[in-house]
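Observations on chain architecture
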Amino acid sequence: NSFCTLLCVLFMARRLSLSAVSVLLISLALCVPVGAQQSSLSAVIAAKESALSTLASHAATLHRARCTSLSTCGGDAACSVPACGNSFPQSHGFACTSDFGTNAGRCGSSCPGMVRSLNTSVVRYPPGVSLSDAETQAFTCGTRSLDADFNTQRANGNIAAWQYIGHDSGSIRIYPGAAQERTTAGCGNYDARLRPWYIAGSSGPKDVVLVIDTSGSMAEDVVPGFPNRGTRMVATVAATTALLGTLSPNDNVGVVTFSTDASVLGGATTLVRATPENIATLQQQLGRVFPEGRTRFNTGFERAFNLMRATTENANCNRVVLFLTDGHAEETQAEVLANLTTWQA
């Protein structure tokens, strides 16, 4: 018997002295016999972190030399296997394996498992990113030699799980190599910059308060005269829901709604940990807000800063207040700015 825990170790770009945001994530499955001493678990974690540090160091070196790598890349085909491509050749190690689960419905009866490569990584590109962009090409070419590192760490038993490196263009290199999920309309959308692991790695732990306007004016159409485009309230709830989905358990979060008065979703008195369960609860509660009342910015800001001050769990967190409104305030700009100065003191 054993217990397993998932360790996600993030190396932030500023710690690697990179000029652009690049984050390396390794998910490590650590299995330790039940009853093992704490020192045993600590030793395992230390070994995994050391392996990750080696990968991160090489990634930083490659990133600094990414422009030079373009001259020796030899085109996209020589650089990498695109996850949204049509060819996953055996010469690159792609084969049917059940090590990562089974899906006969997707892979067909000839491969009841999954098509994966333990030799070659693949690269995914988000919608709107052109392969003709120099920075995207530099990332693709500059990280191709990481395959050797990925393979070595896996062969040595240091890192047996997925290994990613994400770029600030939203592109991502993934090992083991795997085809991107797709429908008849094409490959699914995937933007590394929107994933919690990327945001956590590039911004660090955060205390976040989302302050949303729920006054009567938010019931108006986003585009006047076009009700089919939705209301301002609908758009704000959708944006807030999406923002909540980018947070990780490293973050603390709270949602303040304001109109004539202000309140905190769920009646919280402090920020809550951004666990999947807490995020799901906040997203559900957002679906029950409706626009009514006047628009008093000061009530929303005051409640937000009170919520922030009541949270002392992690003094090292970056603290952020995100304010979503249609801009129809009762107070003057000078009044709001004066109060913000006081509350931030």
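Above this note sits the structure.
Reading the values: rules and limits
- Residues numbered from 1 in each chain as written.
- Predicted model: local features only at pLDDT ≥ 70, side-chain atom pairs only at ≥ 80, totals over all residues.
- Heavy atoms only, no water.
- Helix = DSSP H or I, 4+ residues; strand = E, 2+ residues; numbered from the N terminus.
- Contact = heavy atoms within 4.5 Å.
- Buried < 20%, exposed > 50% of the residue type's maximum accessible area, 1.4 Å probe, protein only.
- Pairing = 2+ DSSP bridges.
- Phe/Tyr/Trp six-rings, centres within 6.5 Å; stacked < 30°, edge-to-face > 60°.
- Axes fitted to C-alpha atoms, helices over the stretch in contact; angles between N-to-C directions.
- Parallel < 35°, antiparallel > 145°, perpendicular 65-115°, else oblique.
- Core = buried A, V, L, I, M, F, W, Y, C linked by side-chain atoms within 4.5 Å.
- Arc of directions from axis to C-beta.

Here Arg296 is to be found in the loop between helix H10 (276-286) and helix H11 (297-309). C-alpha of Arg296 to C-alpha of Asp261: the two residues are 35 residues apart in sequence and 7.3 Å apart in space. Non-local contacts of Arg296, meaning those with residues more than four positions away in its chain, are made with Phe258, Ser259, Thr260, Glu330 and Glu331.

Quick look at the side chain of Thr120 now. Within the element layout of this structure, Thr120 appears in the loop between strand S5 (114-117) and strand S6 (122-124). Once residues within four sequence positions are removed from consideration, Thr120 is found in contact with Val81, His92, Asp147, Tyr175, Pro176 and Gly177.

Our focus in this paragraph is the pairing of strand S7 (residues 163-167). Most of S7 sits out of view: five of its five residues are buried. In terms of strand pairing, S7 meets strand S8 (residues 172-175) through four bridges, oriented antiparallel. Looking at the pairing, Ile165 lines up with Arg173 of S8. Here S7 folds back onto S8, and the loop between the two strands holds four residues, one of which, Gly170, carries a positive phi near 95°.

Moving on: the packing of aromatic side chains. Tallied over the full model, the rule gives six aromatic pairs. On the numbers, 5.2 Å between centres and 20° between planes, the contact of Phe258 with Phe323 is stacked. You can see Phe258 sitting in strand S13 (residues 252-258) and its partner Phe323 sitting in strand S16 (residues 318-324), a full 65 residues away along the chain. Residue Phe258 is classed as buried on the basis of its relative accessible area of 0%. Residue Phe323 is classed as partly exposed on the basis of its relative accessible area of 25%. Residues Phe301 and Phe323 carry aromatic rings whose centres are separated by 4.2 Å and whose planes lie at 15° to one another, so their mutual orientation is stacked. Here Phe323 lies in strand S16 and Phe301 lies in helix H11, a separation of 22 residues in the sequence.

On to the sheet that holds strand S9 (residues 177-178), then. Pairing is antiparallel across the open sheet formed by three strands, whose spatial order is S4-S5-S9. What marks the edges here is a single partner per strand, and that holds for strand S4 (94-97) and S9. One ladder, built from four bridges, connects S4 with S5; its direction is antiparallel. The partner of Ala95 across the bridge, within S5, is Arg116.

Our next topic: the side chain of Asn298. Locating Asn298 in the fold gives a position in helix H11. Exposure remark for Asn298: the relative accessible area of 13% places this residue in the buried category. Sequence-distant contacts of Asn298, defined by excluding residues within four places in its chain, comprise Glu331, Glu335, Val336, Asn339 and Trp343.

On to the packing of H11 against helix H12 (residues 333-344). Relative orientation of the contacting elements H11 and H12 amounts to 10°, with a least axis distance of 10 Å. Considering their axes alone, H11 and H12 lie roughly parallel with respect to each other. Residues Phe297, Asn298, Phe301, Glu302, Phe305 and Arg309 of H11 form the contact with H12, whose participating residues are Glu335, Val336, Asn339, Leu340, Trp343 and Gln344.

Bringing the nonpolar core into the picture now. Grouped together as the largest cluster of nonpolar side chains are 17 residues, with contacts concentrated most on Leu244, Leu247, Val253, Val255 and Leu286. If we ignore the near neighbours within four places in the chain, the residues touching Leu244 are Leu210, Val253, Val255, Ile279, Leu282, Gln283 and Leu286. Listed in part, the 16 residues of the second largest apolar core include Ala262, Leu271, Phe305 and Leu307.

Before going further, it helps to spend a moment on unusual backbone geometry. The omega torsion across Tyr175 and Pro176 is 0°, close enough to zero to call that bond cis. Its place among the elements puts Pro176 in the loop between S8 and S9.

When you line up the elements, Gly300 lands in helix H11. By relative accessible area, Gly300 is classed as buried at 0%. On a C-alpha basis, the gap between Gly300 and Val256 in space is 6.7 Å, while along the polypeptide they are 44 residues apart. Every residue in contact with Gly300, bar those within four places of it in the chain, is listed here: Val211, Val256, Phe258 and Ala262.

Another aspect to go through is H10. Turning to H10, its buried residues are Ile279, Leu282, Gln285 and Leu286. Seen from one end, H10 has its buried residues packed into an arc of 125°, which puts them on one side. Among the exposed residues of H10, those pointing more than 90 degrees away from its buried face are Pro276, Glu277 and Gln284. As for H10, its buried residues are in contact with strand S12 (206-213), helix H9 (232-244) and S13.

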